[in-house]
Amino acid sequence: MSSRCIQIYSVCAGWIDGCIAEGNMKYYFNYSYLHDFLSDLMTALLAVHGEWAADERKECFYAVLEPGKDFWRLSLDNGILEIKISQKYINTDGDEISEEVCFRFDDKLFLNDFIAEMKALLKKYGLLGYKTEWEYEFPLSLLLKLADISDGNNRLKLSDVLSEENMGLDSVMSDFSAEVEILNELFIK
């Protein structure tokens, strides 16, 4: 298997197995469907790139590894993406154990590796297979926005829908033709 910053080894029966690695330091994870790990990770990546509402604090999230949980915190500073993972669990003696690992990646490298890994994941499982094994839909719209950020085009922007065009309700929309274009670039070309 190729050496990427993040790898997903399997998605099966509500579990997602993978590894995040920087040089010789590796952190293996085995998360349950109780939290939507890939969606949360993609949202956190968008948040640190300023592409998610800052007041939602989505740069942090939990991932459940039963009986413990990991707390992920992402930050981005001067092109360096920092990912801190804090693990808490109760050992067999009943003691609460806390451990933390911290990875620092070149942001562009991590995004490229992450997108390549998500493409490989979709090619392996497909959208329906992923949904069947994981319980949640694959966060395709979030992947498209990350790919758009990564290639520097920033074609996917939200715009307002006029309330009179939406039964009097304010809303936002994205450009579906730009989304299809990015989807084609990722999987067709």
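See the structure printed just above.
Quick look at the structure, then. (Residues numbered from 1 in each chain as written. Predicted model: local features only at pLDDT ≥ 70, side-chain atom pairs only at ≥ 80, totals over all residues. Heavy atoms only, no water.)

1. Points about unusual backbone geometry
Inference 1: For Ala13, which is not glycine, the phi dihedral falls at a positive 50 degrees.
Inference 2: Given the relative accessible area of 58%, Ala13 is considered exposed.
Inference 3: At Glu135, a residue that is not glycine, the phi angle is positive and equals roughly 95 degrees. (Buried < 20%, exposed > 50% of the residue type's maximum accessible area, 1.4 Å probe, protein only.)

2. Some thoughts on the sheet that holds strand E7 (residues 96-106)
Inference 1: Taken in spatial order, the four strands line up as E4-E5-E6-E7 in an open sheet, and their pairing is antiparallel. Across the chains shown, the open sheet's two edge strands, defined by having one partner strand only, are strand E4 (60-64) and E7. Strand-to-strand twist of the sheet, defined as the mean angle between neighbouring strand axes without regard to direction, takes the value 20 degrees.
Inference 2: Relative to E7, strand E6 (residues 80-90) runs antiparallel, the two sharing 11 bridges. What sits directly across from Ile85, in E7, is Val101.
Inference 3: Of the strands in this sheet, E4, strand E5 (69-77) and E6 are in contact with helix H1 (residues 37-48), which crosses E5 at around 25 degrees.
Inference 4: This element, helix H2 (residues 107-134), spans E5, E6 and E7 of the sheet and lies at about 105 degrees to E7. (Pairing = 2+ DSSP bridges. Helix = DSSP H or I, 4+ residues; strand = E, 2+ residues; numbered from the N terminus. Axes fitted to C-alpha atoms, helices over the stretch in contact; angles between N-to-C directions. Contact = heavy atoms within 4.5 Å.)

3. Digging into the pattern of salt bridges
Inference 1: Taken as a whole and assessed by the stated rule, the structure comprises 10 salt bridges.
Inference 2: Measuring nitrogen to oxygen at the nearest pair gives 2.5 Å for the salt bridge that ties Glu117 to Arg4. Here the residue Glu117 occupies a position in helix H2, and Arg4 occupies one in the segment before strand E1 (6-12), the gap between them amounting to 113 residues.
Inference 3: Taking relative accessible area as the criterion, Arg4 reaches 22% and is therefore assigned partly exposed.
Inference 4: One salt-bridge network, in which partners are shared between bridges, spans Glu51, Lys145, Asp148, Asp151, Arg155, Glu181 and Glu185. (Salt bridge = Lys/Arg side-chain N within 4 Å of Asp/Glu carboxyl O.)

4. Comments concerning the pairing of E5
Inference 1: Bridge count between E4 and E5: five bridges; the pairing is antiparallel. Residue pairing in the sheet places Phe61 in a bridge with Trp72 of E5.
Inference 2: Between E4 and the antiparallel strand that follows it, E5, lie four residues; Glu66 among them carries a positive phi value of about 30 degrees.
Inference 3: Pairing of E5 with E6 involves nine bridges; the strand directions are antiparallel. Across the sheet, the residue bridging to Arg73 is Lys84, located in E6.
Inference 4: Between E5 and E6, which pair antiparallel in sequence order, lie two residues; one of them, Asn78, sits at a positive phi of approximately 50 degrees.

5. Details of the environment of Phe105
Inference 1: Its location among the elements puts Phe105 in strand E7.
Inference 2: Owing to a relative accessible area of 4%, Phe105 belongs among the buried residues under this scheme.
Inference 3: Residues within four places of Phe105 in sequence aside, it is in contact with Cys5, Ile20, Ala21, Glu22, Gly79, Ile80, Leu81, Ile83 and Phe110.

6. Some details on the packing of aromatic side chains
In this description, a pair of aromatic rings is defined by centroid distance and the angle of the planes.
Inference 1: Applying the stated criterion to the full structure yields 14 aromatic pairs.
Inference 2: Here Phe29 and Phe37 contribute two aromatic rings whose centre-to-centre distance is 5.0 Å and whose plane-to-plane angle is 50 degrees, an arrangement assigned as tilted. In terms of burial, Phe29 and Phe37 fall into one category: buried.
Inference 3: Both rings, one in Phe37 and one in Trp72, keep their centres 5.3 Å apart while their planes meet at 65 degrees; by these two values the pair is edge-to-face. Highlighted residues: Phe37 in helix H1 and Trp72 in strand E5, separated in sequence by 35 residues. (Phe/Tyr/Trp six-rings, centres within 6.5 Å; stacked < 30°, edge-to-face > 60°.)

7. Brief notes about the side chain of Lys145
Inference 1: For Lys145, the location among the structural elements is in helix H3 (residues 140-150).
Inference 2: One polar contact links the side chain of Lys145 to the main-chain carbonyl oxygen of Leu156, over a distance of 2.4 Å.
Inference 3: Beyond its immediate stretch of four places on either side in the chain, Lys145 contacts Leu46, Glu51, Asn154 and Leu156. (Polar contact = N/O pair within 3.5 Å; in protein donor to acceptor, adjacent residues only side chain to side chain.)

Just distances and angles here, no functional claims.
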